[in-house]
Amino acid sequence: KELASLTKNGVGCAKIAVFANVPEDNPFMAGAHQGVGEPDFSLNVGISGPGVVLNVVLQNPDCDLTELSEVIKRTVFKITRAGELIGRGIADLMKVDFGIVDISLASTTLAGDSVAEVIEAMGVKRIGVPGSTAALALLISAVKKGGAMASSSIGGLSGTFIPVSEDAGMIRAVKSGALNLEKLEALTSVCSVGLDMFAVPGDTPADVPSAIIADELSIGVIN
């Protein structure tokens, strides 16, 4: 709260990231870092393809969940294999060690690049309603299994980012009342990445974000 009050538009507090049990080879900002167990220079690759996964889900509307899982696994296998080949080529050109491939799905603000829309294409009316956690868990499981088949260098977070402010489907869910902070926290218990990119009103007492951080740290430690 002090940092928010000391910076223009309160943006200072947006530069805070808190992790528990964080993998050292995470290629995604703001969690990426070098440290004990990591080389001084390395190249890690993040595979972020919610739009690709959404496309194959939409192309298979008649699949049951088991069949859909297989479709997602095959798709992630392809993009992981491609990502590793490109990454190793770039590492050779840069003359640095190749590290890992992180198969996290990460939303962007581009149309069709939303994790929430993948969940909704799987049959959940709006992310946040009952069934959302189950669908997200199935999605994560399929992504991890597909990636593991494609590469022996899977690392990093390898989960799913569900950032409210960077995912059009998440924004719609919040505006419609289908998604609140408590349900978002429940979703993070199966997505492995935690709460990411959400705004806290400036008049929120300091003990509230402290308690939210404590809850998320607990999920990270238990998982």
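Summarised in this report is the structure supplied together with it.

Rules and cut-offs
Residues numbered from 1 in each chain as written. Predicted model: local features only at pLDDT ≥ 70, side-chain atom pairs only at ≥ 80, totals over all residues. Heavy atoms only, no water. Core = buried A, V, L, I, M, F, W, Y, C linked by side-chain atoms within 4.5 Å. Buried < 20%, exposed > 50% of the residue type's maximum accessible area, 1.4 Å probe, protein only. Helix = DSSP H or I, 4+ residues; strand = E, 2+ residues; numbered from the N terminus. Contact = heavy atoms within 4.5 Å. Axes fitted to C-alpha atoms, helices over the stretch in contact; angles between N-to-C directions. Parallel < 35°, antiparallel > 145°, perpendicular 65-115°, else oblique. Left-handed = near helix turned anticlockwise from the far one by under 90°. Patch = residues over 30% accessible without salt bridge, like charges linked within 9 Å, V, L, I, M, F, W, Y side chains within 5 Å. Areas by Shrake-Rupley, 256 points an atom, 1.4 Å probe, with all protein chains shown as cover. Salt bridge = Lys/Arg side-chain N within 4 Å of Asp/Glu carboxyl O. Lys, Arg positive; Asp, Glu negative; His and termini not counted. Nonpolar A, V, L, I, M, F, W, Y, C, P; charged D, E, K, R; others polar.

1. Topic: the nonpolar core
Side chains that are nonpolar tend, in soluble globular proteins, to be buried together.
Okay, so step 1: Core analysis: the biggest nonpolar cluster contains 41 residues, and Ile72 and Leu139 have the highest contact counts within it.
Okay, so step 2: Listing elements by their share of this core, those giving two or more residues are strand S1 (42–46), helix H2 (50–58), helix H3 (65–94), strand S2 (97–102), helix H4 (115–121), helix H5 (132–150), helix H6 (168–176) and helix H7 (181–191).
Okay, so step 3: For this core, the element with the highest residue contribution is H5, accounting for five residues.
Okay, so step 4: If we skip the residues at most four places from it in the chain, isoleucine 72 touches Val53, Val57, Leu139, Ala142 and Val143.

2. Details of the environment of leucine 110
Okay, so step 1: Checked against the element boundaries, leucine 110 lands in the loop between S2 and H4.
Okay, so step 2: Note: C-alpha distance between leucine 110 and aspartate 167 (57 residues apart in sequence) is 8.4 Å.

3. What about the packing of H3 against H5?
Okay, so step 1: At their nearest, the axes of H3 and H5 sit 7 Å apart, and the two run at 45 degrees to each other. Overall, the two elements H3 and H5 adopt an arrangement that is oblique. Crossing handedness for the pair H3 and H5: right-handed. Where H3 abuts H5, its residues Leu65, Ser69, Ile72, Lys73, Val76, Phe77, Thr80, Arg81 and Glu84 lie against Leu138, Leu139, Ala142, Val143, Lys145, Gly146, Gly147, Met149 and Ala150.

4. What to know about a nonpolar patch on the surface
Okay, so step 1: On the surface, a nonpolar cluster with roughly 340 Å² of combined accessible area is contributed by Leu3, Ile16, Val18 and Ile213.
Okay, so step 2: As for its placement among the helices and strands, valine 18 is situated in the loop between helix H1 (2–6) and S1.
Okay, so step 3: Judged by its relative accessible area of 44%, valine 18 is partly exposed.

5. What to know about the pattern of salt bridges
Okay, so step 1: For the structure on display, the rule yields four salt bridges.
Okay, so step 2: For arginine 88, the salt bridge is made with glutamate 84, and the minimal N-O distance between the two is 2.9 Å. Here arginine 88 pairs with glutamate 84, and both are found in helix H3, just four residues apart, close to one helical turn.
Okay, so step 3: Relative accessible area serves as the criterion here: at 11%, glutamate 84 is assigned to the buried category.
Okay, so step 4: Measuring nitrogen to oxygen at the nearest pair gives 3.6 Å for the salt bridge that ties arginine 126 to glutamate 120.

6. Describing the side chain of aspartate 25
Okay, so step 1: Relative to the helices and strands, aspartate 25 resides in the loop between H1 and S1.
Okay, so step 2: The side chain of aspartate 25 sits in the buried core without any salt bridge; arginine 88 is the nearest counter-charge, 11 Å away.

7. Digging into the packing of H2 against H3
Okay, so step 1: Between H2 and H3, whose axes approach to 10 Å, the crossing angle comes to 145 degrees. Here H2 and H3 pass one another in a crossing that is right-handed. Side by side, H2 and H3 meet where Val52, Val53, Val56 and Val57 of the first sit next to Leu68, Val71, Ile72, Thr75, Val76 and Ile79 of the second.
Okay, so step 2: Of the residues assigned to the contact of H2 with H3, the class counts are nine nonpolar, one polar and no charged.

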